[in-house]
Amino acid sequence: MKYVIGIDLGTSAVKILLVDQKGNVCMETSKSYPLIQEQFGYSEQNPEEWVEKTVEGISEMINQFQGDIHDIEGISFSGQMHGLVLLDREQRILRNAILWNDTRTTKQCREIYETVGKQRLLEITKNPALEGFTLPKILWVKENEPETFERASVFLLPKDYLRYRITGNIHSEYSDAAGTLLLNMSKREWSEELLNLFGLSPNFCPPLVESHEFVGTISPEFSRLTGLSEFTKVFAGGADNACGAIGSGILSEGKTLCSVGTSGVVLSYETRNDLDFEGKVHYFNHGEPNSFYTMGVTLSAGYSLNWFKEKIAQDEKFEDLLQEVGIVPVGSNGLLFTPYLVGERTPHADSTIRASFIGMDALHERKDFVRAILEGITFSLNESIEIFRENGKNIEAIVSIGGGAKNEAWLQMQADIFDSKIEKLESEQGPGMGAAMLAAIGCGWFSTLKECATSFIQTEKIYYPIKENVEKYKKLFSIYKQIYKNTKSLNEQLKEFKR
Ligand SMILES: Nc1ncnc2c1ncn2[C@@H]1O[C@H](COP(=O)(O)OP(=O)(O)O)[C@@H](O)[C@H]1O
Ligand SMILES: O=C(CO)[C@@H](O)[C@H](O)COP(=O)(O)O
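Looking at an unreviewed UniProt entry, the protein chain carries the name Xylulose kinase, with the source organism given as Heyndrickxia camelliae. Per UniProt, the protein chain has the following entry under Catalytic activity (unreviewed entry): "D-xylulose + ATP = D-xylulose 5-phosphate + ADP + H(+)". The protein chain has a UniProt comment under Function (unreviewed entry) that states "Catalyzes the phosphorylation of D-xylulose to D-xylulose 5-phosphate."

Right under this line is the structure:
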């Protein structure tokens, strides 16, 4: 039997899957790392930690692997998007990576609009200037850490840095490059116009390849550290949301994905690159050549639940914290939560808004808060679904993946709030599976991702909307939507008191 490895460099952890030629997940491991949040709006990670945890995870896996390591034919990647890794001329890291959920760059976003013009930016990149994207982070370092910027010779996205450390070769690929705000999305090349406008050299951008493209083999050093064979082939990989879509079979028009990881995402497959959503949703290149996807993003989805667990129930497992969620009624006994712990993206691109619990009373218990958090996250994702429906998309079935898809009550809640069938797959690890599928294509096991999906992806269970709950959630959703406008100005006034 032959195998491939899919590595998902997530925000909370690196997750590694060993998958055989039939698509069975034979082994899996996960190694977590923290966020570094030194100031209001800041979110960073140390890229060296990504490498260390990946080495730890792979070597643990290889130690337990019973077969011949030469049968592990290929390896590929999925990675948290948009994060800025800066390297000097000797390819050494210059500073911590600034992540997708870091919102310090509001000023730089304004400067991008002033320099390029919103309409022109949308024409080239198909996306608006949002704090989370990479170009504003590059401009922030240029303005605020000029000495560091002076020494920077190339920028990389998180999984591209990890892959560089495994192969010694520098590349990026279209699905992740699409989230930088420097890619000409339809021409599939770094935008000369944007690079010129911001005084960036073309050499500052890594060469672009397809997600399934062969980019090298395991370096002798990485082979020594992990036990992997130096002959194992390495393929480029994709953005975590592109890989999540691949690993969930979102490979044809009409298919929709919901992913609850640290962020929350609702994503829809597109065959065209010339639609106009006026920047209301993200519009990126897929990991499959010549296909695209549109996407709404909740910045703190799983992160909101994780935050509550860290503050209130640090030693409990998620399973224990969520145990009583199913016995709390729809609407959490009149408690609503907005998940704006680090600001928001869709539909409110707002770096200053912060979270609220509304309706707290003396009778509320911990379990009400837990259910309200799950409901708030799901309402936020429903605002993205609403945008898709308003734009004519017919959403009747959604594949649900990510850490959040481990919980049955939450999956039923998604069906009730989205008023749609929810499909749970055998593995909720869509991005890791998508990465493994890219490696399988690269190794020549299948000729297309669709063919691979038919063999690799199995549905485990379908959750159907319960009419009575759907009606209650419609009422609650309309109350939920009022919280943003009613708390916006309060949060702006509170900003001066933040750390
Ligand atoms: N058993 C569980 N039930 C529900 N949610 C969970 C469970 N375990 C983890 N989660 C949620 O999933 C999130 C992590 O999801 P994951 O897809 O691994 O994220 P990332 O790719 O960002 O690292 C956690 O922050 C948590 O909110
Ligand atoms: O910023 C985005 C998408 O635009 C996020 O979805 C990141 O890609 C991080 O993903 P997770 O760690 O939550 O999977």
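> Any chance you could explain the overall build of the protein chain here in plain terms?
Broken down by element type, the protein chain carries 17 helices and 24 strands. For the protein chain, the C-alpha radius of gyration of 22 Å lies close to 23 Å, the compact-globule estimate for 499 residues. With respect to the three principal axes, the spread of C-alpha positions in the protein chain is 60 × 55 × 45 Å. Within the protein chain, the proportion of its 499 residues that are buried is 51%.

> Looking at this structure, how should I read the site of ligand 2?
As a matter of local geometry, ligand 2 sits amid 16 residues, with Thr11, Met81, Trp100, Gly261 and Ser263 nearest to it. Split by residue class, the shell around ligand 2 holds 4 nonpolar, 11 polar and 1 charged.

> What am I meant to see in the nonpolar core here?
Grouped burial of nonpolar side chains is what soluble globular proteins tend to show. In terms of nonpolar packing, the biggest core is built from 139 residues, with Val4, Ile5, Ala436, Met437 and Ala439 touching the most fellow members. The biggest single contributor to this core is helix H13 (residues 366–390), with 9 residues. Setting aside anything within four residues of it in sequence, one finds Ala436 in contact with Val4, Ile5, Gly6, Leu17, Val19 and Ser76.

> Help me out: how do you make sense of the UniProt feature "site: Important for activity" (unreviewed entry) in the protein chain in this one?
In this structure's numbering, the residues bearing the UniProt feature "site: Important for activity" (unreviewed entry) are Asp8. A residue is classified by how many C-beta atoms lie within 10 Å of it, and Asp8, with 29 of them, is buried. Filtering out sequence-adjacent residues up to four positions away, Asp8 remains in contact with Val14, Lys15, Ser78, Asp240, Gln429, Pro431, Gly432 and Ala435.

Rules behind the numbers
Residues numbered from 1 in each chain as written. Chains lettered and ligands numbered in written order. Predicted model: local features only at pLDDT ≥ 70, side-chain atom pairs only at ≥ 80, totals over all residues. UniProt positions renumbered as here; feature names shortened; annotations may be inferred. Helix = DSSP H or I, 4+ residues; strand = E, 2+ residues; numbered from the N terminus. Rg over C-alpha atoms; globule rule 2.2 N^0.38 Å. Buried ≥ 20, exposed ≤ 12 C-beta atoms within 10 Å, placed from the backbone. Near = placed C-beta within 6 Å. Nonpolar A, V, L, I, M, F, W, Y, C, P; charged D, E, K, R; others polar. Core = buried A, V, L, I, M, F, W, Y, C linked by C-beta atoms within 7 Å. Contact = placed C-beta atoms within 7 Å.

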